[in-house]
Amino acid sequence: MQTPFSSTRKSATLLALAGAVALLTAGPAYADFTIKPYFEFKKPRQISLDGDISLDTNGKSAPYFGAAGATYVFGFEGISQYDGATLNRNFIPPDTMGAVGRTQYLETSNGAFGVFDKSTGTRLSLTADVAFWAAAGQTGANGDTRVLYNAAAGRWVVAAFGGNTKDIQIAISDTDNALGTWKSVKYEGYAGLGFGATADYPTLAMDTNAIYIGTNNFAPATSGGANSFRGTTLNVIPVNSLFNPGAPSLAGFQQFTTPYVSGGPGEIDRGFAQQGINSRTPRSSGTVVAASLSDFDIVGFKINGLTPNSAAGATLSAPTGLGETAYTSPGAARQPAAAVAANRRVVDAGDERISSASYEAGGRIYTLHTVDTTADGVDEARVRYLVLDSSTLAILDQGDIGTFGYDSYQGSIAVNSFGQVVVGYNRSGLDAATGKISFMARTFNTAADGKLVATSNEILLKESLTDDYHNGSLIGAASVGRQRWGDYSAVSLDPSDEQSFYLIGEFAREYNNAAGGHPGGTGASRWGTWVAVLNVTAVPEPSTYLLMLFGFGVVGATALRRRAAQLH
């Protein structure tokens, strides 16, 4: 059920308990529109410890091969922090991201990009991010990279900070070979007040009309001052401009900036970390969802008047609060941390922003984010999924993934034309036997009424090698500051087989010291990434299947005919 924004407005008391100080810009203040204090600037950090040895990978985790017909059929290690260090690009967190193409899997992380054979997991290349962008025609890189594969065009799309964090740069591959040539374009994401501006946390989505990049805008009030939140920008770029036969361009491009003025007449809450909806369904509008700036809710709105050639005449609809079940922001995630008790709750599970891609299929939108639900009465993180009506944004279903005694966080989701859904996420807890940070998955079918029906229990994809993840501090010591995890993960659909889903998430590698196989090292655990392939073969309920047959359009009907042939 949709609700107006004010229905779940947080109280000033709750903000005070959270240790809030409003982030102010010019303009009068509204007591009932104070931004959440934990929405902040999240630039990745390069680390170096005296005497630290991070160049020897000490071998990769062995690939996983499942039994024939198993849901979890294949898994392999992606880029690790040790890999980045060999390129002098040693960053935390990794900003884990990847996508599957026809023959390859392309992973991007803070500091390094990797291309893998999607069938064997063999790494075909490892490149520093600055080298990738230089080859594509740009100078410098600052991370926060996202990647998608456009199956219709057979091209890859990569977007990230520019060398200056006020800029966003986009690279498009010339072919479907990620090892081939790329071309790029750059634009100013946020000019700020003339100094220190950052177009932070760029998101990425794509439909038949446009590519959507949302940014959170930060800038100091004075030169050299602290960054403060200044609002958001939604960048809408026509697909034909980016995928033209020559170089990508910004023709027909439009930016929608929503300034944050700390209240005042006409204040609009279009959310934080605006995430466009990926869709293969042709229509003249796009959709965006985002965590409300001030409510414990998700807000949604439309971009109307789009064509594949231009967004110049597009307009935004008014934002609408979706009316989620009550929740609060998640706290730090637990881990056993047998060696250092103080590290048992230092892993930053993120906040309630939508950190991963969202998808539309069959007239429904599928999205998720991390919450601390108030319904169970326990202080634990959960991954909350939402199924929305794509036209009205009404909630058709919502549910929380998680188990008592564990935190579940950094989730990602994808759906195929059958309404089959795969969710990947991290889970951790205090239990010494099962509490290590683990990369998990769940699978679902979509029923005729839009409800998700579970088709698996939790699937363990990869368990961390340590129970005491902390990064950038000495071994045996308490962690230095919060330990950022993520900041995101990804699930992508195999363009050659839509019942195969590729998931990527983070896990903790061995300690960077002698005991971990790195003589001379003094640091604690380092991050690694894991790619898993799930095959979802369950057939939807007959009523659901019939509904999809009439509702999915040309793309869905083609896929259903293929599936029907398989069933005979």
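Residues numbered from 1 in each chain as written. Predicted model: local features only at pLDDT ≥ 70, side-chain atom pairs only at ≥ 80, totals over all residues. Heavy atoms only, no water.

### Let's talk about the pattern of salt bridges
When charged atoms on two side chains of opposite charge get close, those side chains can pair. Applying the stated criterion across every chain yields a total of 21 salt bridges. For Glu188, the salt bridge identified is with Lys166, shortest N-O distance 2.9 Å. A residue pair is termed long-range when its members are at least 10 positions apart, and Glu188 in strand E12 (residues 182-188) and Lys166 in the loop between strand E10 (155-161) and strand E11 (167-173) qualify at 22 residues. For Asp376, the salt bridge identified is with Arg382, shortest N-O distance 3.7 Å. (Salt bridge = Lys/Arg side-chain N within 4 Å of Asp/Glu carboxyl O. Helix = DSSP H or I, 4+ residues; strand = E, 2+ residues; numbered from the N terminus.)

### A closer look at the sheet that holds strand E8 (residues 123-128)
Sheet architecture is open: 4 strands sit in the order E5-E6-E7-E8, paired in antiparallel fashion. Looking at strand neighbours, the two that pair on one side only are strand E5 (97-100) and E8, the edges of this open sheet. Strand-to-strand twist in this sheet, taken as the mean axis angle between neighbours without regard to direction, amounts to 15°. Of the strand pairs in this sheet, strand E6 (residues 104-108) and strand E7 (residues 112-117) are connected by 5 bridges, and their pairing is antiparallel. From the neighbouring strand, Tyr105 faces E7, where its bridge partner is Phe116. The strands touched by helix H3 (residues 129-136) within the sheet are E7 and E8, with E8 carrying the most contacts at an inclination of about 90°. (Pairing = 2+ DSSP bridges. Axes fitted to C-alpha atoms, helices over the stretch in contact; angles between N-to-C directions. Contact = heavy atoms within 4.5 Å.)

### What to know about the nonpolar core
In terms of nonpolar packing, the biggest core is built from 61 residues, with Tyr105, Leu106, Trp133, Trp156, Val158 and Trp182 touching the most fellow members. The biggest single contributor to this core is E7, with 4 residues. Judged by nonpolar contacts, the second largest core, of 52 residues, contains Val185, Ala219, Tyr385 and Met440. (Core = buried A, V, L, I, M, F, W, Y, C linked by side-chain atoms within 4.5 Å. Buried < 20%, exposed > 50% of the residue type's maximum accessible area, 1.4 Å probe, protein only.)

### Quick notes on the environment of Ala136
Relative to the elements of secondary structure, Ala136 occurs in helix H3. Taking the C-alpha atoms as reference points, Ala136 and Ser173, separated by 37 residues in sequence, lie 8.8 Å from one another. Excluding its chain neighbours within four sequence positions, the residues that come into contact with Ala136 are Ala171, Trp182, Lys183 and Ser184.

### Notes on the pairing of strand E28 (residues 395-401)
Two strands pair when backbone bridges link them, and strand E27 (residues 382-389) and E28 are joined in this way by 6 bridges, in the antiparallel orientation. Each residue of the ladder has a partner; that of Val383, found in E28, is Ile401. If you look at the hairpin formed by E27 and E28, you'll find 5 residues sitting between the two strands, and Leu393 has a positive phi there, around 65°.

### What about the confidence of the model for the chain?
Of the residues in the chain, 87% reach a pLDDT of 70 or more, and the chain-wide mean stands at 87. Contacts of residues 1-32 to residues separated by more than four positions or lying in other chains number 63 contacts, the stretch itself having pLDDT below 50. The model gives residues 540-568 a pLDDT under 50, and that stretch makes 40 contacts with residues more than four places away or in other chains. (pLDDT = per-residue confidence, 0-100.)

### A few points about H3
Among all positions of H3, only Asp129, Phe132, Trp133 and Ala136 are buried. An end-on view of H3 places all buried positions within 90° of arc, on one side of the element. Downstream of H3 by one or two residues, Gly137 has phi in the positive range, about 110°. (Arc of directions from axis to C-beta.)

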